[in-house]
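Residue strings, one per chain:
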Amino acid sequence: MPGERRGQVGWESDNPYYEGKKHREPTVCVRCGLLYRDGHWQWAEEVVPEAARAICPACRREIDRYPGGYVLLKGAYCTKHWQEILNLIKNQEEEARRTRPLHRILWIEPRDAGMEIATTTAHLARRLGKAIQSAHKGELSIHQAAGEPLVRLVWRRD
Ligand SMILES: [Zn+2]
């Protein structure tokens, strides 16, 4: 990767959240049970006793409360329709996790007179923001600094 620090042979990214990080195969996440195999973390259908042990990037973010994306929901509409919006958020997360188990919601908390959703990945934050806009209209803005993996979305409907 251009601009990325290089190391000796066998060097691995020291960013514990970096999802392209290579692990021995198979490796099991001791916290959530995901299995690292064929180059990515996946739902394990069976126990693999010989698997190496590690903590997957999503669990690390949960432990550290270190999001990869944020969605801030603002406006009176959000308060009035909160249960519907929350159901949509939960359904979207569940659907995303089925195929990409590292995509998780870290928290949903009141913030700045709105609700803040923090996610493990920028991808899930974008997915949630777009799903909310497509179901509930309103205005969605996406903020991401060049070269920064972190994404912030703000959705508003008054
Ligand atoms: Zn895990």
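Because the structure is a prediction, the values reported are computed rather than measured.

**Describing the overall build of the protein chain**
For the protein chain, the helix and strand inventory stands at 4 helices and 9 strands. Secondary structure elements of the protein chain, listed N to C terminal, follow the sequence β-β-β-β-α-β-α-α-β-β-α-β-β. Carbon and sulfur atoms make up 49% of the accessible area of the protein chain, which amounts to about 9500 Å² in all.

**Quick word on the nonpolar core**
Leu 73, Trp 82, Ile 85 and Ile 89 are the most contacted members of the largest nonpolar core, which has 22 residues in total. Discounting residues that sit within four places of it in the chain, Leu 73 has contacts with Cys 78, Trp 82, Ile 85, Ile 89, Gly 114, Met 115, Ile 117, Ile 132 and Trp 155. Core analysis: the second largest hydrophobic core is formed by 8 residues, Leu 34, Trp 41, Cys 56 and Leu 102 among them.

**Notes on the coordination of the zinc ion**
Ligation of the zinc ion by protein atoms is provided by Cys 29 (SG), Cys 32 (SG), Cys 56 (SG) and Cys 59 (SG), these donors lying 2.3 Å from the ion. Given 4 donor atoms and angles of 106 to 115 degrees at the metal, the environment of the zinc ion is assigned as tetrahedral. Here the donor residues for the zinc ion map to a single chain with the spacing C-x2-C-x23-C-x2-C. The pair Cys 56 / Cys 59 is uniform in exposure class, with both members buried.

**With respect to the sheet that holds strand E2 (residues 35-37)**
Spatially, the 4 strands line up as an open sheet ordered E3-E2-E1-E4, and their pairing is mixed. Each of the sheet's edge strands pairs with one partner strand only, and the pair in question is strand E3 (40-42) and strand E4 (52-54). When strand polarity is set aside, the average angle formed by the axes of neighbouring strands in this sheet is 35 degrees. Strand direction decides the pairing type here: strand E1 (residues 27-29) and E2, joined by 2 bridges, are antiparallel. Pairing of Thr 27 across the sheet is with Tyr 36, part of E2.

**Quick notes on the pattern of salt bridges**
Across all of its chains, the model carries 9 salt bridges by this definition. The partner of Glu 62 in a salt bridge is Arg 31, with the nearest N and O atoms 2.7 Å apart. Linking Glu 62 in helix H1 (residues 57-64) with Arg 31 in the loop between E1 and E2, this pair joins segments that are 31 residues apart in sequence. Looking at Arg 31, the relative accessible area reads 44%, which means it is partly exposed. A salt bridge links Arg 111 to Glu 116; its shortest N-O distance comes to 3.0 Å. One salt-bridge network, held together by shared partners, links Arg 65, Glu 109, Arg 111 and Glu 116.

About the thresholds
- Residues numbered from 1 in each chain as written.
- Predicted model: local features only at pLDDT ≥ 70, side-chain atom pairs only at ≥ 80, totals over all residues.
- Heavy atoms only, no water.
- Helix = DSSP H or I, 4+ residues; strand = E, 2+ residues; numbered from the N terminus.
- Areas by Shrake-Rupley, 256 points an atom, 1.4 Å probe, with all protein chains shown as cover.
- Core = buried A, V, L, I, M, F, W, Y, C linked by side-chain atoms within 4.5 Å.
- Buried < 20%, exposed > 50% of the residue type's maximum accessible area, 1.4 Å probe, protein only.
- Contact = heavy atoms within 4.5 Å.
- Donors = N, O, S within 2.8 Å, 3.2 Å for Na, K, Ca; no water.
- Tetrahedral: all angles 85-135°; square planar, octahedral: opposite > 155°, others 65-115°.
- Pairing = 2+ DSSP bridges.
- Axes fitted to C-alpha atoms, helices over the stretch in contact; angles between N-to-C directions.
- Salt bridge = Lys/Arg side-chain N within 4 Å of Asp/Glu carboxyl O.

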